[in-house]
Amino acid sequence: MAPSSSSPTRKIPIPVEGIETLFGSFDENLKNFQLLFNVEIRTNGNELLVEGRATDIDKLAGLVEQLGKLLRNGHDFAKGDVKRAAQLVAQDPAVDLYDFFLRGTVVPLGKRRVVPKSINQRKYLDAIEQCDIVFGIGPAGTGKTYLAMAEAVSFLVGKKVSRIILARPAVEAGERLGFLPGDLQEKVNPYLRPLYDALYDMLDAKKVEHLLSRGVIEIAPIAFMRGRTLSDAFVILDEAQNTTSEQMKMFLTRLGFGSKAVITGDITQIDLPSDRVSGLIEAMAIVRQINGIAFIKFDDRDVVRHGLVQQIVKAYDVFSPGSVRGEGVKRPVRAVERPWPSVVSDRDD
């Protein structure tokens, strides 16, 4: 509900050098602030005149203060940074934007500046730094694989590991690809294409080809991991919801000295036969209490694709097949509706 006209008005000062950045083109940032914080905003020179609940105004004042600090320290805001900062403060008023924007950058070989865009994405990167095995679980478009890939490349460039291994189960997602031409690697490449896409997005094509040819970066189906010990490596298992129980156990026991493993998946998009248990769901119950393993859960607030994707994720989350038959829309009951640890220290004793 919008604030009433009788709500007390509070003045929030704006640094002179920050007016254009904070307002945005055609005041688009101010309009976004009104929606996020449920306030009404008018401008008066270097001040915002804000009406609304005291707690909401406090959030906005904290946002403006932190943005001003970043501006005074010479931070160059990219397109969308102010909007993202507002979303972060709306989610968590205690967030440190200075730490988030300046410490949160991952720069793989200088081709692309990769930054976390939500609180959970920041927790995810922190967990990867702190823990040797990290599970990133959530819907499409939340950056699970992309951020893991950025960290892998960063670790490789920083000589923290000597190789990157990217694995994915080769499971048909409802399509029949038939008898594909070529050797075994060429047959499974369609399943691994998303990993290649992320890799080429971060590194120059020639560099990627060079690292692949030398075996410094390896992309393979999870079946290729059997019998190996993966030492001094950054290992990513993508689409882990489509692993079987046996495959997940096999993968988790491959980790050698000096290695990190990141397992990503979306438990709402399982393409295994109905009589097979997802190895990811099983692992969530079995290993979540082990020290040194972190679980980060993403939700629709972390979606960083087209704005409609966030709404689609929300719609599917509340949809029940029964509604198509006229039985009403209600949230489906899932086998994994249980408390989630966001970092290792949040685990139940």
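Since the model is a prediction, treat every value here as computed from it, not as a measurement.

Undergrad: Would you mind showing me how to read the sheet that holds strand β3 (residues 47–51) here?
TA: Strand pairs in the sheet, formed through backbone hydrogen bonds, run parallel or antiparallel to each other. Taken together, the three strands give an open sheet; going across it, the order is β1-β3-β2, and neighbouring strands pair in antiparallel fashion. Where the open sheet ends on each side, the last strands, each with one partner, are β1 (9–13) and β2 (40–44). Taken pair by pair, the neighbouring strands of this sheet meet at an average axis angle of 30 degrees, ignoring direction. Sheet topology places β1 next to β3; five bridges connect them, and they run antiparallel. Across the sheet, Lys11 pairs through a bridge with Leu49, a residue of β3. Sitting on the sheet, helix α2 (residues 28–37) touches β2 and β3, and the angle it makes with β2 is about 145 degrees. On the sheet, helix α3 (residues 54–72) packs against β1, β2 and β3 and is oriented at approximately 10 degrees with respect to β1.

Undergrad: So what exactly am I meant to see when it comes to the pattern of salt bridges here?
TA: Side chains that carry opposite charge are capable of pairing whenever their charged atoms lie near each other. Enumeration according to the criterion identifies eleven salt bridges in this entry. With its nearest N and O atoms 2.5 Å apart, the salt bridge here joins Asp81 to Arg84. Residue Asp81 and its partner Arg84 are located together in helix α4 (residues 81–91), separated by three residues, close to a single helical turn. The exposure classification of Asp81 matches that of Arg84, with both residues buried. Beyond isolated ion pairs, a larger network of salt bridges with shared partners links Arg168, Asp238 and Glu239.

Undergrad: Before we go on, may I ask you to explain the packing of aromatic side chains in this structure?
TA: The geometry of an aromatic ring pair is captured by the separation of the ring centres together with the interplanar angle, meaning the angle of the planes. Within the structure shown, the criterion is met by three aromatic pairs. With 5.1 Å between their ring centres and 85 degrees between their planes, Tyr124 and Phe298 make a pair best called edge-to-face. Here Tyr124, found in helix α6 (residues 119–130), pairs with Phe298, found in the loop between β9 (293–297) and α12 (307–318); they are 174 residues apart in sequence, far enough to count as distant. For Tyr124, a relative accessible area of 0% corresponds to the buried category. The interplanar angle of 10 degrees and the centroid separation of 4.6 Å between the aromatic rings of Phe135 and Phe295 together place this pair among those described as stacked. One end of the pair, Phe135, is in strand β4 (residues 133–137); the other, Phe295, is in strand β9, and 160 residues separate them in sequence. The class of Phe295 is buried, set by a relative accessible area of 2%. Lying over the aromatic face of Tyr98, Lys69 brings its terminal NZ or CZ to 5.0 Å of the ring centre. One residue, Lys160, lies across the ring of Phe155, its end atom 4.7 Å from the ring centre.

Undergrad: Looking at this structure, how should I read the packing of α6 against helix α7 (residues 144–157)?
TA: Angle between the axes and distance between the axes: these two values describe a pair of packed helices. Relative to each other, α6 and α7 sit at 40 degrees, their axes nearing to 11 Å. With respect to the hand of their crossing, α6 and α7 are arranged in right-handed fashion. When α6 is examined against α7, the residues Gln121, Tyr124, Leu125, Ile128 and Glu129 are found in contact with a partner set consisting of Lys144, Leu147, Ala148, Glu151 and Phe155. Of the residues contributing to the contact of α6 with α7, the split by class is six nonpolar, one polar and three charged.

Undergrad: Looking at this model, I keep getting lost on the nonpolar core. Mind explaining?
TA: General note: in soluble globular proteins, nonpolar side chains tend to be found buried as a group. By size, the foremost hydrophobic cluster in this structure holds 36 residues, and its most contacted members are Tyr124, Met149, Leu166, Leu199, Ile217, Ile219 and Phe234. Contributing elements (two or more residues each) for this core: α6, α7, β5 (163–168), α8 (184–202), α9 (205–214), β6 (217–221), β7 (233–237) and β9. The biggest single contributor to this core is α7, with eight residues. Among residues more than four places away in sequence, those in contact with Leu199 are Met149, Val153, Val208, Ile217 and Ile219. With 30 residues, the next largest nonpolar core counts Phe23, Val50, Leu60 and Leu70 among its residues.

What counts and what doesn't
Residues numbered from 1 in each chain as written. Predicted model: local features only at pLDDT ≥ 70, side-chain atom pairs only at ≥ 80, totals over all residues. Heavy atoms only, no water. Pairing = 2+ DSSP bridges. Helix = DSSP H or I, 4+ residues; strand = E, 2+ residues; numbered from the N terminus. Axes fitted to C-alpha atoms, helices over the stretch in contact; angles between N-to-C directions. Contact = heavy atoms within 4.5 Å. Salt bridge = Lys/Arg side-chain N within 4 Å of Asp/Glu carboxyl O. Buried < 20%, exposed > 50% of the residue type's maximum accessible area, 1.4 Å probe, protein only. Phe/Tyr/Trp six-rings, centres within 6.5 Å; stacked < 30°, edge-to-face > 60°. Lys NZ or Arg CZ within 6 Å of the ring centre and 35° of its normal. Left-handed = near helix turned anticlockwise from the far one by under 90°. Nonpolar A, V, L, I, M, F, W, Y, C, P; charged D, E, K, R; others polar. Core = buried A, V, L, I, M, F, W, Y, C linked by side-chain atoms within 4.5 Å.

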